Amino acid sequence: LLDEKNPLTSRVMANRIWYHLFGRGIVSSVDDFGQMGALPSHPELLDFMAQDFVRNNWSTKKLIRKLVLSSTYKMSSIPSIDALEEDPNNELLQHMPIRRLAAEAIRDTILIISGRLDNKLYGQSVPTNLHETPHSRSRPGKNGPMDGDGRRSVYLEIRRNYLPGFLSAFDMPNAVEPFGKRNITNVPA
């Protein structure tokens, strides 16, 4: 996977990082880099990012820093009239796309606004709240607090058969399979 003769791994990772920052990957089919997937909109940019990623010892932090400090990331989200006519899908990156917040960011924002966010770093995961889940043999023995003790969403225990209701309502992916590109709906489920 990490052989220098195999550029695919670094390209996929660079594309996923780009997707998470810009809302759309350079290869729009984030989960499919194969023959059934889309072609890159900017192949030279993808190759540059992948090579830079490897050159910097596969540092996600350094690639993110480079991208968020770029002029592309700092662009206005309001497209010009010419840009809308020439490039309605923004494939030429003429403006920053508006993106919806992920479920975890919505939950964490509510905790911040309410003054309930626990900023403690690290530690044990907060057990899943089982309040709305049916009883079964596979049900965990420990029931966690409904508010997750105010911990950030990254610290919540995720069990594939007992997903948090709030996060699921805002398009948290199921925990059974990997998702590179998350679903986005206009309204909660």
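The following paragraphs examine the structure supplied in this document. On a predicted model such as this, the values are computed, not experimentally measured, just so you know.

1. A short note on the packing of aromatic side chains
- As enumerated under the stated definition, the model contains 3 aromatic pairs in all.
- Between Trp-18 and Phe-22, the aromatic rings sit 4.0 Å apart at their centres with planes inclined by 20°, giving stacked as the arrangement. Of this pair, Trp-18 and Phe-22 both sit in helix H1 (residues 8-22), 4 residues apart, which is roughly one turn of the helix. The same class applies to Trp-18 and to Phe-22, which are both buried.
- With centroids separated by 5.3 Å and ring planes inclined at 70°, the aromatic side chains of Phe-53 and Trp-58 adopt a geometry described as edge-to-face.
- For Phe-53, a relative accessible area of 3% translates into the label buried.
- Among the aromatic residues, those joined into a cluster by ring pairs are Trp-18, Phe-22 and Tyr-73.
- Positioned over the ring face of Tyr-155 is Arg-151, at 4.1 Å from the centre of the ring.

2. Overview of the environment of Asn-90
- Within the secondary structure, Asn-90 is located in the loop between helix H4 (81-86) and helix H5 (103-114).
- Remark: the alpha-carbon pair of Asn-90 and Pro-79, spanning 11 residues in sequence, is separated by 8.9 Å.
- Reaching out from Asn-90, the side chain makes a polar contact with the backbone nitrogen of Gln-94 at a distance of 2.8 Å.
- Among the polar contacts listed, one links the side chain of Asn-90 to the backbone oxygen of His-95, at a separation of 2.7 Å.

What counts and how
Residues numbered from 1 in each chain as written. Predicted model: local features only at pLDDT ≥ 70, side-chain atom pairs only at ≥ 80, totals over all residues. Heavy atoms only, no water. Phe/Tyr/Trp six-rings, centres within 6.5 Å; stacked < 30°, edge-to-face > 60°. Helix = DSSP H or I, 4+ residues; strand = E, 2+ residues; numbered from the N terminus. Buried < 20%, exposed > 50% of the residue type's maximum accessible area, 1.4 Å probe, protein only. Lys NZ or Arg CZ within 6 Å of the ring centre and 35° of its normal. Polar contact = N/O pair within 3.5 Å; in protein donor to acceptor, adjacent residues only side chain to side chain.

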